[in-house]
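If you want the building blocks of each chain, they are given just below.
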Amino acid sequence: MADTNILVVDDEKEIADLVEIYLVSDGYKVFKANSAEDGLKIIENEDIHLAILDIMMPGMDGLEMCKKIRETHNFPIILLSAKSADLDKILGLGTGADDYVTKPFNTLELTARVKSQLRRYTQLNPNSTVLEKDDPNEIRLKGMSINKDNHKVVIEGKEVKLTPIEFDILYLLASNAGRVFSTDEIFEKVWNEKVYEANNTVMVHIRRLRGKMNEDERENKIITTVWGVGYKIER
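What this report covers is the structure whose coordinates are included nearby. (Residues numbered from 1 in each chain as written. Predicted model: local features only at pLDDT ≥ 70, side-chain atom pairs only at ≥ 80, totals over all residues. Heavy atoms only, no water.)

**Some words on a nonpolar patch on the surface**
Part 1: Together, Leu18, Ile21, Tyr22 and Leu108 make up a nonpolar patch on the protein surface, roughly 370 Å² of accessible area in all.
Part 2: Ranked by the residues each element gives to the nonpolar patch, the list is headed by helix α1 (residues 13–25), at 3 residues.
Part 3: As for its placement among the helices and strands, isoleucine 21 is situated in helix α1. (Patch = residues over 30% accessible without salt bridge, like charges linked within 9 Å, V, L, I, M, F, W, Y side chains within 5 Å. Areas by Shrake-Rupley, 256 points an atom, 1.4 Å probe, with all protein chains shown as cover. Salt bridge = Lys/Arg side-chain N within 4 Å of Asp/Glu carboxyl O. Helix = DSSP H or I, 4+ residues; strand = E, 2+ residues; numbered from the N terminus.)

Quick look at the structure:
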């Protein structure tokens, strides 16, 4: 399962802590900063999927930080502000923000906005590795969606028909994006049996799986071979 990392930047510690409590309870990983400068450093070092920024901060404010983020990143940004005038909202959204929430805010409304923005971001950005919290059995990454409930796989808008074994191999790799699995590990987890002697069963199924996904025609492969080790799907 891919982590969903959210950055909360607010110079009011109580607000940042409150937002963190609700986001963590929904299963998100939260990074906090009390200044725009510290927030930008976190973005440089972490894979952030959404940012919540307070507008009124000393030094660089949330609007300037939003502009700075938009120079290199397209993840959703939600602005927090004590101002509710339409002009302030227009200015905020004009800097590249995706949503605007007025203080004092209802934390449940804020978390709903977070889910909505992440859902939209995942749909519009097929390379995103965010696993949607509303449907924990669906993974979307690298232009592909995999739904465990109905065993449906869609790649770049086209449904791909897979056998149960092919689906289970793909789901195993996708739900552990970035991790390399040996052929023995894949066999034991998918077939639920111990490996007692070398065989090429997994390699045959992955070859068929790649064929159905038109990997030969794809510049950026979905399944990567790590020679001498095994297979993985990159984040």
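**Considerations on the sheet that holds strand β4 (residues 77–81)**
Part 1: Reading across from one edge, β2-β1-β3-β4-β5 is the order of the 5 strands in this open sheet, with parallel pairing throughout. Each having just a single partner strand, β2 (29–33) and β5 (99–102) make up the two edges of the open sheet. Looking at each pair of strands side by side, their axes are set apart by 20 degrees on average, direction ignored.
Part 2: Of the strand pairs in this sheet, strand β3 (residues 50–54) and β4 are connected by 4 bridges, and their pairing is parallel. Across the sheet, aspartate 54 pairs through a bridge with leucine 80, a residue of β4.
Part 3: In the packing of α1 onto the sheet, the strands contacted are β1 (5–9), β2 and β3, and the crossing angle to β2 comes to about 170 degrees. (Pairing = 2+ DSSP bridges. Axes fitted to C-alpha atoms, helices over the stretch in contact; angles between N-to-C directions. Contact = heavy atoms within 4.5 Å.)

**As for the nonpolar core**
Part 1: Grouped together as the largest cluster of nonpolar side chains are 29 residues, with contacts concentrated most on Met144, Val153, Leu170, Ile186, Ile223 and Ile233.
Part 2: Put simply, the parts of the chain that give this core at least two residues each are β6 (138–141), β7 (144–147), β8 (152–155), α6 (164–174), α7 (183–191), α8 (201–212) and β11 (230–233).
Part 3: Residue contributions to this core peak at 7 residues, all from α6.
Part 4: Contacts of leucine 170, omitting those with residues within four sequence positions, involve Met144, Ile146, Val153, Leu162, Leu209, Met213, Ile223 and Ile233. (Core = buried A, V, L, I, M, F, W, Y, C linked by side-chain atoms within 4.5 Å. Buried < 20%, exposed > 50% of the residue type's maximum accessible area, 1.4 Å probe, protein only.)

**Quick notes on the pattern of salt bridges**
Part 1: By the definition in use, this model includes 17 salt bridges.
Part 2: Measuring nitrogen to oxygen at the nearest pair gives 4.0 Å for the salt bridge that ties glutamate 71 to lysine 68.
Part 3: In this structure glutamate 71 comes out as exposed when scored by relative accessible area, which is 59%.
Part 4: Looking at lysine 68, the relative accessible area reads 41%, which means it is partly exposed.
Part 5: For glutamate 185, the salt bridge identified is with arginine 179, shortest N-O distance 3.0 Å.

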